[in-house]
Each structure stands twice: as C-alpha cells, then as structure tokens.
Amino acid sequence: MELMSQLLAGKTAIILGVANKWSIAYAIAEAYRREGARIILTYQGDRLKATVEELGKELGAARILNCDVTKPEELEALVSEMAGERLDVVVHSIAFANREDLSRPFLETSRDGYLLAQEVSSYSLVSVARALSPLMTEGGSILTLTYLGSVRVIPNYNVMGVAKAALEACVRYLASDLGAKNIRVNGISAGPIKTASARGIKDFSKVLDGVAAVAPLKRNTDPAEVGDTAVFLGSHLGRGVTGNVIYVDAGFQVMGLQAPD
Ligand SMILES: NC(=O)c1ccc[n+]([C@@H]2O[C@H](COP(=O)([O-])OP(=O)(O)OC[C@H]3O[C@@H](n4cnc5c(N)ncnc54)[C@H](O)[C@@H]3O)[C@@H](O)[C@H]2O)c1
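Note that the structure is a prediction, hence the values are computed from the model and not measured. Each chain carries its own residue numbering, running from 1 in the written order of its sequence. Local features in a predicted model are, by the rule used here, given only for residues with pLDDT of at least 70; side-chain atom pairs are given and counted only at 80 or more, and totals for whole chains, interfaces and linings are based on all residues.

Student: Would you take a moment to explain the sheet that holds strand β7 (residues 245-248) for this structure?
Tutor: By definition, the strands of a sheet pair up through backbone hydrogen bonds, in either a parallel or an antiparallel sense. Each pair of strands is called paired provided DSSP finds at least two bridges between the two strands. Only DSSP runs of H or I with at least four residues qualify as helices, and only runs of E with at least two residues qualify as strands; both kinds are numbered from the N terminus onward. The strand order across the open sheet formed by seven strands is β3-β2-β1-β4-β5-β6-β7, and the pairing between neighbours is parallel. For this open sheet the edge positions go to β3 (63-66) and β7, each flanked by a neighbour on one side alone. Each adjacent strand pair in this sheet contributes to an overall mean axis angle of 20 degrees, direction not counted. When strand β5 (residues 140-146) meets strand β6 (residues 183-190), the two strands line up parallel, connected through seven bridges. Among the inter-strand pairings, leucine 145 is bridged to a residue of β6, identified as isoleucine 188. Here, residues touch in the contact sense if the C-beta positions derived from the backbone fall within 7 Å of one another. Think of each axis as a best-fit line through the C-alpha atoms, taken over the contacting stretch in the case of a helix, with angles from 0 to 180 degrees between the N-to-C directions. Relative to the sheet, helix α4 (residues 111-132) contacts β1 (12-16), β4 (89-92), β5 and β6, its axis offset from that of β4 by approximately 160 degrees.

Student: Looking at this structure, how should I read the environment of histidine 92?
Tutor: Of note, histidine 92 is situated in strand β4. Residues histidine 92 and asparagine 20, 72 residues apart in the sequence, show an inter-C-alpha distance of 15 Å. Those residues in contact with histidine 92 that sit more than four places away from it in its chain are Leu16, Gly17, Ser124, Leu125, Val128, Ile142, Leu143 and Thr144.

Student: Please clarify how the packing of α4 against helix α5 (residues 158-178) should be interpreted in this entry.
Tutor: The description of two packed helices rests on the angle between their axes and on the distance between the axes. Between α4 and α5, the shortest axis-to-axis distance is 9 Å and the interhelical angle comes to 20 degrees. Here α5 runs roughly parallel to α4, going by the angle between their axes. Read as a crossing pair, α4 and α5 show a hand that is right-handed. Across the interface between the two elements, Gly113, Tyr114, Ala117, Gln118, Ser121, Ser122, Leu125, Val126 and Ala129 of α4 pack against Val159, Met160, Ala163, Ala166, Leu167, Cys170, Leu174 and Leu178 of α5. Classification convention: Asp, Glu, Lys, Arg as charged; Ala, Val, Leu, Ile, Met, Phe, Trp, Tyr, Cys, Pro as nonpolar; all other residues, Gly among them, as polar. Of the residues in the contact of α4 with α5, the class split is 13 nonpolar, four polar and no charged. Angle categories: roughly parallel below 35 degrees, roughly antiparallel above 145, roughly perpendicular from 65 to 115, and oblique for all the rest. Left-handed is the label given to a crossing in which the near helix is rotated counterclockwise from the far helix by less than a right angle, and right-handed is the label when the rotation is clockwise.

Student: Help me out: how do you make sense of the site of the ligand in this one?
Tutor: Neighbouring the ligand are 26 residues; Ala19, Ser23, Leu145, Thr195 and Ser197 lie closest to it. Listing elements by their share of the shell around the ligand, those giving two or more residues are α1 (24-34) and β5. Here the residues of the shell around the ligand are counted per class, giving 17 nonpolar, eight polar and one charged. We count a residue as near a molecule or strand when its backbone-placed C-beta atom lies within 6 Å of that partner.

What follows is the structure, encoded as structure tokens:
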C-alpha cells in the first residue's frame, strides 16, 4: 500500500550516490519523491551522467549535478551551483574500495587501498557536510549509509569495515559540531542488498543467504525499507534523533549464535 503522508513536503533534499536503479540512493529518492520532497541528485563524473539524468527525469528531480567527492574543486563547484538554495536534507550514499581489498585477507590491505577506502567512504561525509551545511539555514538532516561490518567481522568486507567504523565515528562528531544549528547527523546501517558496489565483495551472495536464514524476520532487507527510514530521519518525525546509527537489517545484528538444528 502506498502511503501518501507527504512527510517531506516543502523540503529540498540532495541525494549523492545514485548510480543505477539498484542503488540504495535510488530507493531513498523514490521514497523522498513519494513524500513530496524536492530532489536534487548528483552523479560521479561523466561516465554516470546520462544514466543518472535519465533516472532523475523519472524521479522528477529538480536538478542533477556532477560531483566526484574526491575532487575538492567539484565539491566547490557543486556549492556554487547551489548558491541561494536552502537545503533541508543531505543523503550521503557513497563508498568505494578496490576489489582486491574485498577478497584477500584483511592483513594484506595495501596503504593505498586503505587510504582510498577511507577517503571515498568516510572522509567524504566530513567534506560534504562542511560544504553543504551552510545551505541548511533552517536546520535539517544529514544521513549516511553504513554496514554492520563496522563493528563485526564480515568475511571479505575487510577495509570497508574499517572505513565504516570511521564513518560511524564521523557521524557522532559531526552531530556534535552541527547540533547547535539544528542539523542532525545519522547513519542507517542497512542489511546486505544486491547493488553494483555489493557485487564487488567476494562471495556476497553467501552473505545474503546467511542473513536470510538467521535474521529474526527470516529474509533480506528491501531497499524500500531503507528509503522509509531515510524519510523518518529527514522529516520532522526524526527531530529528536542525532548522532545515531539505526539498523534496517531485518534484525540480523541482534543475533548471536544460531542454535544448531
Ligand atoms: N548494498 C549493501 O549491501 C549495503 C549495505 C549497507 C550499506 N551500504 C552502503 O550504501 C551506500 C550506497 O551503496 P550501494 O550499495 O547503493 O551501491 P551503489 O554502487 O549503487 O552506490 C555507490 C555509489 O557511490 C558512488 N561513488 C563512489 N565513489 C564516488 C566518488 N568518488 N564520488 C562520488 N560518488 C562516488 C557511486 O557513483 C555510486 O553511486 C554505500 O555507502 C554502501 O557502503 C550498502
């Protein structure tokens, strides 16, 4: 059943991290459109421009702008493009690590691979928050996507788990810095979802099967469920929540040992 509560009417949200229809950011954008938000999308460079413009049209996005978060000049250009806009919500749904660092033992992680994962997946939340929070003149909500691999060892998640641990710490420090401006900062820890990024992790389908077998809800996470939690955090309903990580994972993270049959 489609809810028509328009929880985000009158709000403008910028969503970073749509690459295709399977992106978690796309599911968030769909939920935001349903709730009446004005949506701005960004894409990572020319390679993704046409696809994201096409998806943006379907989503009724007001603007579609370029931004590779590893290029400070592109973040600056994004801010200039947005001059005069009021922003209410920033959705950061961006991560990257080299494929070889998501398959071999964590012990083998290279310095370059480690720094790359940190730069794209963790530091970018800091640089994006610093660049865009001045546009959040009436307060608002910044949210990012994280994963259980930050606090538990998940096979092959490796360097990305370390980046997510840093990301979750960034959420807490940014929440402290920006709270006086009534800007909230939170993470959504999503259960595993088959996306382009996830396919880069060795044996990812085994993780999906394992979670569906063990999670209290006995299934995997639907991206639309992440979208709805992002609506909550972006809306007035989430006004008391900051510095938090909310799990949207069919309950998997509460499980310890699975009782043997
Ligand atoms: N899929 C999962 O199982 C899962 C679970 C929990 C959390 N997450 C997180 O959700 C977020 C979105 O990932 P996804 O699974 O939707 O995959 P995805 O591949 O669809 O999205 C990743 C996005 O990051 C963007 N990106 C990478 N490097 C960038 C850069 N330098 N500048 C700008 N954008 C860049 C890509 O363009 C892409 O849009 C990530 O933070 C991911 O770690 C995913």
